[in-house]
Amino acid sequence: MTDRYAAFDRLKFDRPAPRVLRLTLSNPGKANAVTPTMHRQLEEVWAAIDADPETRVTIVTGEGRAFCAGGALDDMPVAGALDPNQQFSQDFNNATRLVRNIIASRKPIVSAINGAAVGAGLALALLADVPIAAKTAKLLDGHVRIGVAAGDHAAIVWPLLCGMAKAKYYLLTNRPMTGEEAERNDLVALAVDAEALEATSIEVALELAAAAPTAVRMTKYVLNHWLRQNEAIFDLSAAFEMVNFSGAEAKEALKAMEEKRPPDFTTDVLF
């Protein structure tokens with residue numbers, strides 16, 4: 001790969017087909033969990049791809065058996081580590097830049113969801129223009145499970161994809177779904193056998209790469225206006241998520257995960 005992507009050293013790039021760039025999330029041994037450095041690179045890489053004359057379509061996938069386990073748990077915000085305003089601003093800006101920059105990217109994105117996709121990883125998977133999942137992949141929003149509101153992408157895109165009833169059911173209960181279930185619920189475009197995922201994602205990417213590029217990009221831009229016009233919903237969900245990270249519920253949820261026990265939410269803060 002050329003020096004164009006040298007700055008994105010926490011990501012891997014290759015060209016599986018002409019005019020197709022494949023971006024692979026890579027954090028070996030941690031199910032490709034997103035570290036702060038990787039998060040920043042994922043925020044910034046879309047502008048570099050848009051400026052790349054050799055690329056018309058991007059495939060996003062994960063290294064190994066996972067797509068992306070979301071934010072690395074050992075890098076989650078720690079209550080009291082920073083001034084509350086500073087912590088909020090940092091985390092809110094990072095989260096909103098990632099989602100907005102994916103939505104703003106002009107070239108089509110195909111996600112090849114090869115395994116577990118959680119939290120920020122699920123945002124990358126579902127904000128792609130053509131999400132394709134292995135039937136056995138596991139999709140989970142994950143936010144309520146760690147004691148925070150469903151931020152990232154969920155509130156802005158799930159109701160559009162699978163309807164409000166299904167969105168509430170899965171986001172509030174935090175039940176996982178397989179790739180096969182995700183296709184049945186219209187959360188992804190296609191679900192295929194795991195061994196066919198790579199070939200299918202390349203086939204779809206080639207089809208997009210062969211189409212009239214301006215027409216494809218303008219069509220994507222118009223369709224993504226459904227997301228842009230709901231940015232106020234996204235901002236509110238991201239803000240609630242960041243506020244929750246400083247609260248007792250998130251602290252207890254993360255401690256319970258570390259200790260491998262059910263969380264004990266004995267207090268009820270009325271909202």
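Residues numbered from 1 in each chain as written. Predicted model: local features only at pLDDT ≥ 70, side-chain atom pairs only at ≥ 80, totals over all residues. Heavy atoms only, no water.

(A) Up close: the overall build of the protein chain. On a plain count of helices and strands, the protein chain comes out with 11 helices and nine strands. In terms of C-alpha radius of gyration, the protein chain reaches 18 Å, essentially the compact-globule figure of 18 Å for 271 residues. When the backbone C-alpha atoms are referred to their principal axes, the protein chain occupies close to 55 × 40 × 40 Å. Every one of the 271 residues in the protein chain was classed for burial, and the buried ones make up 47%. Within the protein chain, residue pairs in contact and separated by at least 24 positions form 72% of the contacts whose partners lie at least 6 positions apart. For the protein chain, the exposed surface amounts to about 13500 Å²; the carbon and sulfur share of it is 56%. For the protein chain, the centre of its 28 positive side-chain charges and the centre of its 34 negative side-chain charges are spaced 2 Å apart. (Helix = DSSP H or I, 4+ residues; strand = E, 2+ residues; numbered from the N terminus. Rg over C-alpha atoms; globule rule 2.2 N^0.38 Å. Buried < 20%, exposed > 50% of the residue type's maximum accessible area, 1.4 Å probe, protein only. Contact = heavy atoms within 4.5 Å. Areas by Shrake-Rupley, 256 points an atom, 1.4 Å probe, with all protein chains shown as cover. Lys, Arg positive; Asp, Glu negative; His and termini not counted. Charge placed at Lys NZ, Arg CZ, Asp CG, Glu CD.)

(B) Spotlight on the packing of helix 4 (residues 154–162) against helix 5 (residues 164–173). Across the interface, helix 4 lies against helix 5 with an axial gap of 7 Å and an inter-helix angle of 130°. For the element pair helix 4 / helix 5, the angle class is oblique. For helix 4 against helix 5, the interelement crossing comes out right-handed. Between helix 4, through Ala154, Trp158, Pro159 and Cys162, and helix 5, the contact on the second element is made entirely by Met164, Lys166, Ala167, Tyr170 and Leu171. Grouping the amino acids of the contact of helix 4 with helix 5 by side-chain chemistry returns eight nonpolar, no polar and one charged. (Axes fitted to C-alpha atoms, helices over the stretch in contact; angles between N-to-C directions. Parallel < 35°, antiparallel > 145°, perpendicular 65-115°, else oblique. Left-handed = near helix turned anticlockwise from the far one by under 90°. Nonpolar A, V, L, I, M, F, W, Y, C, P; charged D, E, K, R; others polar.)

(C) Molecular detail of the packing of aromatic side chains. By the definition in use, this model includes six aromatic pairs. Positioned above the aromatic ring of tyrosine 221, the side-chain terminus of arginine 228 is 4.0 Å from the ring centre. (Phe/Tyr/Trp six-rings, centres within 6.5 Å; stacked < 30°, edge-to-face > 60°. Lys NZ or Arg CZ within 6 Å of the ring centre and 35° of its normal.)

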